[in-house]
Amino acid sequence: MAECFKLENGLRVINEYMPYSKSIAFGIFVKNGSRNEPEDLSGVSHFIEHMLFKGTEKRSQKNIAEDMDAIGGEINAYTAKEYTCYYMRVLDENIDSAMELLCDMFFNSVFDEKEMEREKNIIYEEIGMYEDQPDDVVVDRLHSEIWKNSSLGKPILGTRESVGNIDRNRLVKYFNENYRTENTVISFAGNIDRERTEYYANKYFGNRKNEKIYQYDTKAVYEPVFLNTKKNIEQVHLCMNFEGLNIYDENRYTMALLNLAAGGGMSSRLFQSIREELGLVYSIYSYTSSYRDTGVFEICAELNPANTETVIKNILYNLEKMKNDAISEEKLDKLKIQLKSNIILGQEGTGGTMSAMGRSIVLKNEYTDPETVLRKIEMVKAGDIKKLADKIFNINSFSISLAGNTKNTDIESIIKIYKSGKI
């Protein structure tokens, strides 16, 4: 059973004691991501993530790598739109050494100017890599436009121009203002009980000041868009989305089942109809993303350019069927088994459990244990899914983004058809 408590300085701690495990996963979650960045600092959170691995007051970049290898652990980090995570997983006997290393990086990085300039080139390469991948371009462009008047729409990596303009003073100032006890959570999972959790939490975080934080943020307002990015490649990459649910919405379990029914697996309606029966795509799938004040339901596909209009029409036809026809009880039971399996398997290891707990506490300040989640899933009725499908698959919140060989695609006629509500 997960336990959540606060240190005297207000820092939130959550732990799941897993005595059968020989490892411990530990993560530092900071409620700061790309949506908290002003326009002229776009990409700074991701830049900071890179720089924490580049040297501290007592360790060089090489020393950091050698010290982690010496205890045989895993260490990594990632930046998201609303938070950043630094994490590691080690044998339980090495938790002290591993925490000392990660906390040294987190609290004592020097942000060397020469290292910053070298790292900019690596980030430019990362940006270029994403720009060369149409499956990333098609999604990122769509997000930047549906939330174009919000900081949520900014790319996590930033742009070459914005990253190039970030100097040491601006990066350190942003770090000091946004990495505070107030918006930080530490999460443990594995062979570490409450007593040891409190000991290590206080040892490495207990002397930190509890300082209030005033972050940059703007409300996200979803605006439907139609985008066509021409690239000289063989295929067309398609992403369409609808406005979804925020992270607090009680319908999120219904949404998870709706996603599985639509395109979340090989037995889903879209996969079976458009790939298996019609053979129109190589891949097609759906997923959902939820944020503090909004969310999206997205469908992605890779296909032959000649099939673009046919695929779009068939996707929307199938979504319309889901709005009008309730799924059977037999199908609902299978969806529930699938979703519960995904949840249980995803949190069976120390890493998955640590991540789920830390992310939930830092974003919502609450954690729902798996047993409660499973009960809530069981409570969902077929009529709930049909009702939510009718709400989500709304033609007025329909957006589409294409990338690739789209020269013969009549995007304007597609827009007219779907705006008329006729599928």
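Heads up: the structure comes first, above all this text.
Everything numeric here is computed off the predicted structure, so don't read it as measured data.

Looking now at the side chain of Ser 23. For Ser 23, the location among the structural elements is in strand 3 (residues 23-30). If we skip the residues at most four places from it in the chain, Ser 23 touches Arg 89, Val 90, Leu 91, Asp 92, Ala 189, Gly 190, Asn 191 and Thr 350.

This next bit is on unusual backbone geometry. At Phe 111, a residue that is not glycine, the phi angle is positive and equals roughly 55°. One can find Phe 111 in the loop between helix 3 (95-108) and helix 4 (113-131). Residue classification places Phe 111 among the buried positions, given a relative accessible area of 4%. Phi at Asn 365 takes a positive value of approximately 60°, unusual for a residue other than glycine. By secondary structure assignment, the location of Asn 365 is in the loop between helix 13 (350-364) and helix 14 (370-378).

What follows deals with the nonpolar core. Counting residues in each nonpolar core, the largest one holds 48 residues, and the members touching the most others are Phe 26, Ile 48, Met 88, Met 99, Ile 186 and Phe 205. Sort the elements by how many residues they give to this core and helix 3 lands first, with eight residues. Residue contacts for Phe 26: discarding those within four places in its chain leaves Tyr 86, Tyr 87, Met 88, Met 99, Leu 102, Ile 186, Ser 187, Phe 188, Phe 205 and Met 354. Core analysis: the next-biggest nonpolar cluster, separate from the first, contains 46 residues, Leu 280, Ala 301, Ile 392 and Leu 402 among them.

Let us now look at the pattern of salt bridges. Evaluated as defined, the whole model comprises 29 salt bridges. One salt bridge connects Glu 211 with Arg 180, and the closest N-O pair in it is separated by 3.7 Å. Residue Glu 211 is found in the loop between helix 8 (194-205) and strand 7 (226-230), and its partner Arg 180 is found in the loop between helix 7 (168-178) and strand 6 (184-190); the two are separated by 31 residues along the sequence. The exposure class assigned to Arg 180 is buried, which follows from its relative accessible area of 18%. For Arg 292, the salt bridge goes to Asp 293, with nearest N and O atoms at 3.5 Å. Judged by its relative accessible area of 31%, Arg 292 falls in the partly exposed class. Judged by its relative accessible area of 16%, Asp 293 is buried. Each of the salt bridges in this network shares a partner with another, and the network as a whole consists of Arg 35, Glu 82, Asp 217, Arg 292 and Asp 293.

For Glu 74, the position within the fold is in strand 4 (residues 74-79). Remark: the alpha-carbon pair of Glu 74 and Leu 142, spanning 68 residues in sequence, is separated by 34 Å. Setting aside residues no more than four positions away along its own chain, Glu 74 makes contact with Met 68, Tyr 87, Met 88 and Arg 89.

Turning our attention to the packing of aromatic side chains. Applying the stated criterion across every chain, the model contains 19 aromatic pairs. A centroid spacing of 6.2 Å and a plane angle of 25° characterise the contact between Tyr 285 and Tyr 287, whose relative ring orientation is stacked. Its relative accessible area of 23% is what places Tyr 287 among the partly exposed residues. Through a chain of ring-to-ring contacts, three or more aromatic side chains come together here, namely Phe 26, Tyr 86, Phe 106, Phe 107, Phe 111, Phe 175, Tyr 179, Phe 188 and Phe 205. When the ring centre of Tyr 282 is taken as origin, the NZ or CZ atom of Arg 275, which lies over that ring, is 6.0 Å away.

Now for the layout of surface pockets. By volume, the second largest pocket amounts to about 370 Å³. Every residue lining the second largest pocket is counted, 16 residues in all, and those nearest its centre are Phe 107, Phe 175, Tyr 179, Arg 208 and Glu 211. At the level of elements, helix 3 and helix 7 are the ones that each hand at least two residues to the lining of the second largest pocket. Of all the elements, helix 3 adds the most residues to the lining of the second largest pocket, at three residues. In terms of residue class, the lining of the second largest pocket is made up of seven nonpolar, five polar and four charged.

Below, the discussion takes up the sheet that holds strand 7. One open sheet accounts for five strands, arranged 7-11-8-10-9; its pairing is mixed. Of all the strands in the sheet, just strand 7 and strand 9 (281-290) have a single pairing partner and so form its edges. Strand-to-strand, the axes of this sheet are offset by a mean angle of 10°, without reference to chain direction. Sheet topology note: the strand 9/strand 10 (residues 295-303) ladder contains nine bridges and is antiparallel. Residue pairing in the sheet places Tyr 285 in a bridge with Cys 300 of strand 10. Across the sheet, helix 9 (residues 252-262) lies against strand 9 and strand 10, angled at about 175° from strand 9, the strand it touches most.

Here the focus is the sheet that holds strand 6. With respect to topology, six strands assemble into an open sheet ordered 1-2-6-3-5-4, the strand pairing being mixed. The sheet is open, and its two borders are formed by strand 1 (2-6) and strand 4, each paired with just one other strand. The mean inter-strand angle of the sheet, taken between neighbouring strand axes irrespective of direction, is 15°. Bridge count between strand 3 and strand 6: seven bridges; the pairing is antiparallel. Within the sheet, the bridge partner assigned to Phe 29 lies in strand 6 and is Val 185. Together, strand 4 and strand 5 (84-91) form the strand contacts of helix 1 (residues 44-51), whose direction differs from that of strand 4 by roughly 165°.

Cut-offs and rules
Residues numbered from 1 in each chain as written. Predicted model: local features only at pLDDT ≥ 70, side-chain atom pairs only at ≥ 80, totals over all residues. Heavy atoms only, no water. Helix = DSSP H or I, 4+ residues; strand = E, 2+ residues; numbered from the N terminus. Contact = heavy atoms within 4.5 Å. Buried < 20%, exposed > 50% of the residue type's maximum accessible area, 1.4 Å probe, protein only. Core = buried A, V, L, I, M, F, W, Y, C linked by side-chain atoms within 4.5 Å. Salt bridge = Lys/Arg side-chain N within 4 Å of Asp/Glu carboxyl O. Phe/Tyr/Trp six-rings, centres within 6.5 Å; stacked < 30°, edge-to-face > 60°. Lys NZ or Arg CZ within 6 Å of the ring centre and 35° of its normal. 1 Å grid on protein atoms, 1.4 Å probe; cavity = no way out; pocket = protein on both sides within 12 Å on 5 of 7 lines; lining within 4 Å. Points joined across faces, edges and corners; volume = space filled by probe spheres on them. Nonpolar A, V, L, I, M, F, W, Y, C, P; charged D, E, K, R; others polar. Pairing = 2+ DSSP bridges. Axes fitted to C-alpha atoms, helices over the stretch in contact; angles between N-to-C directions.

Without other data, these values stay purely geometric and don't point to any function.
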